[in-house]
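The primary structure of each chain is shown beneath.
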Amino acid sequence: MKVAVITGASRGIGRACAERLAADGYAVVINYSHSERQALDVLNSVLDNRGTGMLCRADVADSKAVQGMMRKVISTYGQIDVLVNNAGIVRDEYLFMLNGETLDRCMDINVKGYFYCAQQAALKMFRKKSGVIINMSSVSSQTAIAGQSVYSATKGAVNSMTRTMAKELAPYGIRVNAVAPGFIETEMMNSIPAEKRGEYLNAIPMGRFGTAEDVANAVSMLCGDSCAYMTGQTLVLDGGLSL
Ligand code: NAP
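Now for a look at the structure at hand. Numbers given to residues run from 1 along each chain, matching the order in which its sequence is written. It should be noted that, the model being predicted, local features are given only for residues of pLDDT at least 70 and side-chain atom pairs only at 80 or more, the latter also being counted only at that level, while totals for whole chains, interfaces and linings use all residues. Heavy atoms throughout the structure, all of them, feed into the side-chain values; hydrogens and water do not.

**Some points on helix α7 (residues 212–223)**
Logical step 1: Its 12 residues give α7 an end-to-end C-alpha distance of 17 Å, which sits within 8% of 16 Å, the value for a rise of 1.5 Å per residue.
Logical step 2: Exposure is judged per residue with a 1.4 Å probe applied to protein chains only, and the accessible area is read against the type maximum: over 50% gives exposed, under 20% gives buried, and values in between give partly exposed. Secondary structure elements follow DSSP: runs of H or I no shorter than four residues count as helices, runs of E no shorter than two count as strands, and numbering proceeds from the N terminus. Regarding α7, the residues found buried are Ala212, Val215, Ala216, Ala218, Val219, Ser220, Leu222 and Cys223.
Logical step 3: In this description, contact between two residues means that some pair of their heavy atoms is separated by no more than 4.5 Å. Residues of α7 that are buried make contact with α1 (12–23), β4 (82–85), β5 (131–136), β6 (174–181) and β7 (234–237). How far a helix is expected to stretch is found by multiplying one less than its residue total by 1.5 Å.

**Topic: the sheet that holds strand β1 (residues 3–6)**
Logical step 1: Two strands qualify as a pair provided DSSP detects at least 2 bridges between them. The strand order across the open sheet built from 7 strands is β3-β2-β1-β4-β5-β6-β7, with neighbouring strands paired in parallel fashion. Edge positions in the open sheet fall to β3 (52–57) and β7, since each of these has one partner strand only. Neighbour-to-neighbour, the strand axes of this sheet turn through a mean angle of 20°, independent of strand direction.
Logical step 2: Note that β1 and strand β2 (residues 27–32) share 4 bridges and pair parallel. Angles here are taken between N-to-C directions and fall from 0 to 180 degrees, while the axes themselves are lines fitted to C-alpha atoms, restricted in helices to the stretch in contact.

**Things to note about the nonpolar core**
Logical step 1: Core analysis: the biggest nonpolar cluster contains 67 residues, and Ile6, Leu21, Ile30, Met70, Leu83, Ile133 and Val219 have the highest contact counts within it.
Logical step 2: Per element, the largest residue contribution to this core is 9 residues, and it comes from helix α4 (residues 100–128).
Logical step 3: If we ignore the near neighbours within four places in the chain, the residues touching Ile133 are Leu83, Ala118, Ala122, Met125, Leu169, Ile174, Arg175, Val176 and Asn177. Put simply, buried Ala, Val, Leu, Ile, Met, Phe, Trp, Tyr and Cys residues joined by side-chain atoms within 4.5 Å make one nonpolar core.

**A closer look at the site of the ligand**
Logical step 1: A molecule or strand has a residue near it when one of that residue's heavy atoms lies within 4 Å. The environment of the ligand is made up of 33 residues, and the closest members are Ser10, Ser33, Ser35, Tyr151 and Thr186.
Logical step 2: Pairs of N or O atoms within 3.5 Å make up the polar contacts considered here, provided that, within protein, one atom can donate a hydrogen while the other can accept it, and that residues adjacent in sequence are counted only when both atoms are side-chain atoms. Within the backbone of Ile13, a nitrogen or oxygen atom sits 2.8 Å from an oxygen atom of the ligand.
Logical step 3: A distance of 2.8 Å separates a nitrogen atom of the ligand from a polar atom in the side chain of Asp59.
Logical step 4: Surface accessibility follows the Shrake-Rupley procedure with a 1.4 Å probe radius. Residue values consider only the protein chains on display as shielding. Considering the ligand on its own, with 890 Å² of exposed area, one finds that the protein chains cover 95% of that surface.
Logical step 5: Mapped onto the shell around the ligand, the elements with two or more residues apiece are α1, β2, α4 and α5 (149–169).
Logical step 6: With 3 residues, the single largest contributor to the shell around the ligand is α4.
Logical step 7: The class makeup of the residues in the shell around the ligand is 15 nonpolar, 13 polar and 5 charged. Residues are grouped as follows: Ala, Val, Leu, Ile, Met, Phe, Trp, Tyr, Cys and Pro are nonpolar; Asp, Glu, Lys and Arg are charged; all remaining types, including Gly, are polar.

**Focus: the pattern of salt bridges**
Pairs can form between side chains of opposite charge once their charged atoms are near each other.
Logical step 1: Salt bridge, as applied in this entry: a Lys or Arg side-chain nitrogen positioned within 4 Å of an Asp or Glu carboxyl oxygen. By the definition in use, this model includes 11 salt bridges.
Logical step 2: Where Glu36 meets Arg57, a salt bridge forms, and the shortest distance between an N and an O atom there is 3.5 Å. A residue pair is termed long-range when its members are at least 10 positions apart, and Glu36 in helix α2 (residues 36–48) and Arg57 in strand β3 qualify at 21 residues.
Logical step 3: Judged by relative accessible area, which is 39%, Glu36 ranks as partly exposed.
Logical step 4: Linking Glu199 and Lys196 is a salt bridge whose minimum nitrogen-to-oxygen distance equals 3.6 Å.

Structure (structure tokens):
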């Protein structure tokens with residue numbers, strides 16, 4: 001059975017990816033850092049739908065914890081076929097208000113965390129000469145949203161690392177792509193004030209926010225053989241927001 005590790009899978013987009021990949025037949029590793037009860041809900045949902053999986057607590061910003069997580073996956077399942085680098089945080093702050101702690105935490109989770117997980121997963125995939133890495137980016141990497149200079153910088157880094165990792169890993173049968181969602185209805189959007197929500201909604205040509213399942217469908221497609229010749233790309237999924 002193929003194995004997919006999904007970081008930040010205790011809710012939102014990560015949860016939808018775990019449920020979708022479990023339905024696709026993968027054993028899913030549900031990573032989280034704090035939300036144990038929510039992560040357990042995800043595992044129960046996977047098991048209720050005849051899937052299989054395990055929980056793995058690790059702060060992706062902690063390289064030792066990531067190594068421990070990947071070791072645990074290998075000792076349980078013996079392989080890693082898919083990594084969805086999804087765990088991420090958003091901390092909207094205008095440049096004049098920016099504090100160093102926010103900057104460090106965003107960089108640590110949204111950038112360094114992706115490197116730690118990709119490196120460890122690629123080392124395991126390398127032995128099999130096959131694997132897929134999906135990096136969760138954001139439309140903020142391409143479309144300027146006031147207050148998101150740090151977040152957008154981290155997601156721009158995700159797009160760039162995706163291209164370079166793809167080039168480095170292609171000779172070993174490992175594909176690396178990114179998905180860049182627009183506004184997706186998850187807890188992450190709760191911090192947006194009501195008037196701003198209306199403004200953002202009006203800017204989406206398709207007239208609705210995306211769902212976590214919309215993103216999970218794209219991730220499932222990128223993992224599959226129909227995308228076997230695609231690597232280094234960032235797939236924008238935003239209802240037309242960036243057009
Ligand atoms: P969310 O609902 O806030 O969920 C975030 C997930 O990440 C949670 O499972 C959380 O688990 C986990 N997480 C946070 N920090 C972590 C860490 N240090 N180590 C391990 N897990 C950690 O967010 P979401 O909306 O699903 O977003 C998921 C990804 O999509 C992020 O990379 C985000 O930037 C991207 N994205 C979201 C949107 C959107 O509109 N929602 C748009 C574009 C891109 P714990 O609570 O256990 O820490």
